[in-house]
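# Fold and contact review
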Amino acid sequence: MKREALALEVTSVVLGACREFLVNEGFVELLPVVLAPVTDPLRTTPEWATITAYGRPWYLTRSMIFHKQAAVRVHPKIFCFSPNVRLEPVERAHSGRHLFEFVQLDLEVREATRDEVMDLGERLLLHVLSEVREACGQALRAWGREVPHYPRPFPRISWHEARREFGEDFEVELSRRAKTPVWLVDFPISEREFYDREDPERPGILRDMDLLYPEGFGEALSGGEREYEAHRIKRRILGQGLSLEAYGPLLALAEDGLFPSAGFGIGVERLVRFICGFAHVAETRLFPRVPGQDALL
Ligand code: ASN
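Here the structure is a predicted model, which is why all the values come from computation and not from measurement. (Residues numbered from 1 in each chain as written. Predicted model: local features only at pLDDT ≥ 70, side-chain atom pairs only at ≥ 80, totals over all residues. Heavy atoms only, no water.)

Around the ligand, the structure places 13 residues, and the nearest of them are Lys68, Arg86, Gln104, Asp106 and Arg226. Contacts to the ligand include Lys68, whose side-chain N or O atom sits 2.8 Å from an oxygen atom. Considered on its own, the ligand offers 270 Å² of accessible surface; in the complex 92% of this is hidden by protein. For the shell around the ligand, the secondary-structure elements that each account for two or more residues are β6 (101–110), β10 (218–225) and β11 (261–267). (Near = heavy atom within 4 Å. Polar contact = N/O pair within 3.5 Å; in protein donor to acceptor, adjacent residues only side chain to side chain. Areas by Shrake-Rupley, 256 points an atom, 1.4 Å probe, with all protein chains shown as cover. Helix = DSSP H or I, 4+ residues; strand = E, 2+ residues; numbered from the N terminus.)

One pass over the full model with this rule turns up 10 aromatic pairs. Judged by centre distance (6.2 Å) and plane angle (75 degrees), the rings of Phe66 and Tyr247 are edge-to-face. Of this pair, Phe66 sits in helix α2 (residues 65–71) while Tyr247 sits in the loop between α6 (230–239) and α7 (248–257); the two residues are 181 residues apart in sequence, bridging distant segments of the chain. For the residue pair Phe66 and Tyr247, the accessibility class agrees, reading buried in each case. Ring centres of Phe217 and Phe274 lie 5.4 Å apart, and the angle between their planes is 80 degrees; this geometry places the pair in the edge-to-face category. Linking Phe217 in the loop between β9 (208–213) and β10 with Phe274 in helix α8 (residues 268–276), this pair joins segments that are 57 residues apart in sequence. Phe217 sits in the buried class, given a relative accessible area of 11%. (Phe/Tyr/Trp six-rings, centres within 6.5 Å; stacked < 30°, edge-to-face > 60°. Buried < 20%, exposed > 50% of the residue type's maximum accessible area, 1.4 Å probe, protein only.)

In terms of nonpolar packing, the biggest core is built from 47 residues, with Val10, Val14, Val128, Val132, Leu140, Phe264 and Ile275 touching the most fellow members. Top contributing element to this core by residue count: helix α3 (residues 114–142), with 11 residues. Membership of the second largest hydrophobic core comes to 13 residues, among which are Ala230, Ile237, Leu250 and Leu258. (Core = buried A, V, L, I, M, F, W, Y, C linked by side-chain atoms within 4.5 Å.)

Next up on the list: the environment of Asp106. Looking at where Asp106 falls in the secondary structure, it is placed in strand β6. Residue class for Asp106 comes out buried when judged on its relative accessible area of 4%. Put simply, Asp106 and Leu30 are 76 residues apart on the chain and 9.7 Å apart in space, counted from C-alpha to C-alpha. Leave out the neighbours within four places in its chain, and Asp106 touches Ser63, Met64, Ile65, Lys68, Ile78, Phe79, Cys80, Phe264 and Gly265. (Contact = heavy atoms within 4.5 Å.)

Attention now moves to α8. Where burial is concerned, most of α8 is hidden: 9 out of the 9 residues are buried. Every buried residue of α8 is accounted for by Val268, Glu269, Arg270, Leu271, Val272, Arg273, Phe274, Ile275 and Cys276. Backbone geometry just downstream of α8 places Gly277 in the positive-phi region, at approximately 75 degrees.

Here the focus is the pairing of β10. Among the 8 residues in β10, 6 count as buried, and that is most of the element. With 6 bridges joining them, β9 and β10 adopt antiparallel strand pairing. Looking across to β10, one finds that Tyr213 is bridged to Gly218. Here β9 folds back onto β10, and the loop between the two strands holds 4 residues, one of which, Glu215, carries a positive phi near 65 degrees. Bridging between β10 and β11 involves 5 bridges; their strand directions are antiparallel. Residue pairing across strands places Gly224 opposite Gly263, the latter belonging to β11. (Pairing = 2+ DSSP bridges.)

Read from one edge of the open sheet, 3 strands run β2-β4-β3, paired in antiparallel fashion. Both outer strands of the open sheet, β2 (35–36) and β3 (50–53), are each paired with one neighbouring strand and no more. Sheet topology places β2 next to strand β4 (residues 56–60); 2 bridges connect them, and they run antiparallel. The residue of β4 that forms the bridge with Ala36 is Tyr59.

See the structure below:
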């Protein structure tokens, strides 16, 4: 089978397996939002993509984080295959992990804890691997890739511990050395966006997490518990030097009442890249959007 066809088949099985798993867990699927008056601040991606329509600017969605928080007011468990546009710096074109348009499976659970969504994330990933092994195991083997089995629970390491042990480039190092997916937890407040919840018992530390793939494939998933109280959200926005006005729609929702929640997003192209063992996420898409590069179609 051609590499492009294999990528399409694996992607299709991954999408189906995620949907089947989440619907069985009581989730409902939300249609994606592409244009919004407010989107994820993502301070590591400084350039914004906007269009003008009806006399005002609209952001192309960078993540549906605020929509997820709004959606769990309506239904306790929601997910979405969310197309995100992030104008990544051109240096990231060769990271193997960045496209400026990609899709993430984004989910959120009302009144859930971090531990609960971590457990869900592990079970979701193992279900996807098992479905792909069954449907595409042979085709992948022909490309020299064996779909791996992993024991649960995956190991956990705190951000501070990882940095102490593996130095400045700890994420790369940890992913390279790992034999199973590994959780990175408890990021310091300065490292993440304002919506991840600060641990009430450990000021300065967030109740959040990333999951790293083994074999050097890097970040799989990112999420955490959320700030949901208006006064805390305001303090966090100001603490990051952002303006309250820019996040007005979120603050209005919070004043009206948000639920505590937890969730995460898992990059679909990164997951398919990991399963197929490809060098670059661009190989998973028929029409990839690589930072700084033109597209044929
Ligand atoms: N999806 C992520 C989350 O749920 C947010 C992001 O993509 N930046 O925390």
